[in-house]
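Notes for the structure review
What follows is the residue order along each chain.
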Amino acid sequence: MLRIAGTLATMRVLQILYYYTPHCSGVTVYAERLAKHLTARGHEVTVLASRHDRAYSREQIVDGVREVRVPVAFSVSRGVVMPMFLPIAARLMREHDAVHIHLPLLEAAPLALLAKSLRKRLILTHHTDLVFPYGWFNRLAQRAVFVSGLGAGAMADRVVTYTDDRAGVSPTMRRLKGKMAVVYPPIEMPLPSEAGRADFRARHRLGDGPVIGF
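What counts and what doesn't
Residues numbered from 1 in each chain as written. Predicted model: local features only at pLDDT ≥ 70, side-chain atom pairs only at ≥ 80, totals over all residues. Heavy atoms only, no water. Axes fitted to C-alpha atoms, helices over the stretch in contact; angles between N-to-C directions. Helix = DSSP H or I, 4+ residues; strand = E, 2+ residues; numbered from the N terminus. Parallel < 35°, antiparallel > 145°, perpendicular 65-115°, else oblique. Left-handed = near helix turned anticlockwise from the far one by under 90°. Contact = heavy atoms within 4.5 Å. Nonpolar A, V, L, I, M, F, W, Y, C, P; charged D, E, K, R; others polar. Pairing = 2+ DSSP bridges. Salt bridge = Lys/Arg side-chain N within 4 Å of Asp/Glu carboxyl O. Buried < 20%, exposed > 50% of the residue type's maximum accessible area, 1.4 Å probe, protein only. Right-handed = clockwise from strand over helix to strand, strands pointing away. Lys, Arg positive; Asp, Glu negative; His and termini not counted. Core = buried A, V, L, I, M, F, W, Y, C linked by side-chain atoms within 4.5 Å. Expected span 1.5 Å × (residues − 1). Arc of directions from axis to C-beta.

The angle between the axes and the distance between the axes are what describe a pair of packed helices. Relative to each other, helix H3 (residues 108–117) and helix H4 (residues 136–155) sit at 20 degrees, their axes nearing to 7 Å. It follows that H3 is roughly parallel to H4 by the angle criterion. H4 is crossed by H3, and the crossing has left-handed handedness. Residues Ala 108, Ala 109, Pro 110, Ala 112, Leu 113 and Lys 116 of H3 lie in contact with H4, whose contacting residues are Ser 148, Gly 149, Ala 152 and Met 155. Among the residues forming the contact of H3 with H4, the class breakdown is 7 nonpolar, 2 polar and 1 charged.

To continue, consider the sheet that holds strand E12 (residues 180–182). Within a sheet, each strand pairs with its neighbour through backbone hydrogen bonds, oriented either parallel or antiparallel. Here we have 8 strands laid out as an open sheet, ordered E5-E6-E4-E3-E9-E10-E11-E12, and mixed in their pairing. Each edge of the open sheet carries a strand with a single partner, namely strand E5 (59–62) and E12. Going across the sheet, the axis of each strand differs from the next one's by a mean of 25 degrees, ignoring polarity. Sheet topology places strand E3 (residues 12–16) next to strand E9 (residues 98–103); 4 bridges connect them, and they run parallel. Bridging across to E9, Ile 16 finds its partner in Ile 101. Contacts from helix H2 (residues 85–93) reach E3, strand E4 (44–51), strand E6 (65–71) and E9, with the element oriented near 155 degrees to E6.

Turning next to the pattern of salt bridges. Overall, the coordinates contain 12 salt bridges when judged by the stated rule. The partner of Arg 91 in a salt bridge is Glu 95, and the shortest N-O contact between them spans 3.8 Å. Put simply, Asp 199 and Arg 203 hold a salt bridge, and the shortest N to O gap is 2.8 Å. Remark: Arg 203 and Asp 199 occur in helix H7 (residues 194–204); sequence separation between them is 4 residues, near one turn of the helix. If you follow the salt bridges from partner to partner, you end up with Glu 59, Arg 66, Arg 91 and Glu 95 in one network.

Turning our eyes to something else, we now look at the packing of H2 against H3. Running from amino to carboxyl end, H2 crosses H3 at an angle of 30 degrees, the nearest separation of the two axes being 10 Å. Accordingly, the angle class assigned to the pair H2 and H3 is roughly parallel. Along this stretch, H2 crosses H3, giving a crossing that reads as right-handed. Seen from H2, the contacting residues are Phe 85, Leu 86, Ala 89, Ala 90 and Met 93; seen from H3, they are Pro 110, Leu 111, Leu 114 and Ala 115.

Counting buried positions along E9 yields 6 of 6 residues, so the element is predominantly enclosed. The side-chain alternation of E9 yields two buried faces, one formed by Ala 98, His 100 and His 102 and the other by Val 99, Ile 101 and Leu 103. Sheet topology places E9 next to strand E10 (residues 121–126); 6 bridges connect them, and they run parallel. Within E10, the position partnered with Ile 101 by the bridge is Leu 124. Crossover connection from E9 via H3 to parallel E10: handedness right-handed.

Below, the discussion takes up the side chain of Lys 120. Note that Lys 120 resides in the loop between H3 and E10. For the buried Lys 120, no salt bridge is present, and the opposite-charge side chain at shortest range is Asp 97, 5.6 Å distant. Residue contacts for Lys 120: discarding those within four places in its chain leaves Met 93, Arg 94, His 96, Asp 97, Val 99, Ala 115 and Asp 157.

Moving on: the nonpolar core. Formed by 31 residues in total, the largest nonpolar core has its most connected members in Ile 16, Leu 48, Phe 85 and Ile 101. Those elements that provide at least two residues to this core are E3, E6, H2, E9, H3, E10 and H4. Formed by 12 residues, the second largest nonpolar core is a distinct cluster that contains Ala 31, Val 45, Ala 49 and Val 65.

Along its 15 residues, helix H1 (residues 26–40) runs 21 Å from first to last C-alpha, staying within 8% of the 21 Å computed at 1.5 Å per residue. Listed in full, the buried residues belonging to H1 are Thr 28, Tyr 30, Ala 31, Ala 35, Leu 38 and Thr 39. The arc that holds every buried residue of H1, seen down its axis, measures 160 degrees, which confines them to one face. Every exposed residue of H1 that faces more than 90 degrees away from the buried side is listed here: Gly 26 and Ala 40. Looking at the buried positions of H1, the neighbouring elements they touch are E3, E4, E6, E9, E10 and strand E11 (158–161). The first or second residue beyond H1 is Gly 42, which carries a positive phi of 105 degrees.

Structure below.
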């Protein structure tokens, strides 16, 4: 939250990624949980993503989170080509206080440049480094995404990673260590009940000793 004259003010946050719920992946789950928790704290959250499935609405509000989806011209592997992505992102950035980009994203550098030119606070979350199968086109695409992520990182106010260990083996995070912040992913796991634990022990014949889950 912003602190203004001793009080806490809400922020307008724009999250940007390719795929968002109901598409399911680790990145979408992360973004969805973060958006819902920020909204519950009183912030205004907009998620900008691709309309990779035409059954999705171009714009809607779900659980207080505004979802804006950009039409996809065509896809290349997991990547999506959206001619209107940057223009729509620029329009939305003007309405928000902070921009949060989820990496990897091919357009990360131009998006970061737009955010900084509009004097918006820029946060990146680095989820993974892309590793494509062998082939000249895949290598070119992998390099382009990597360079774009580094460029965005150079302009960012902070770059979030999951753990120190993970950052230590990431080619991207090793180069952005000066801006790194470690924030654990938003994991939501209900505590097991006594009855559930007893049933699990009985079904797997675990006896009364300690049980370690992995």
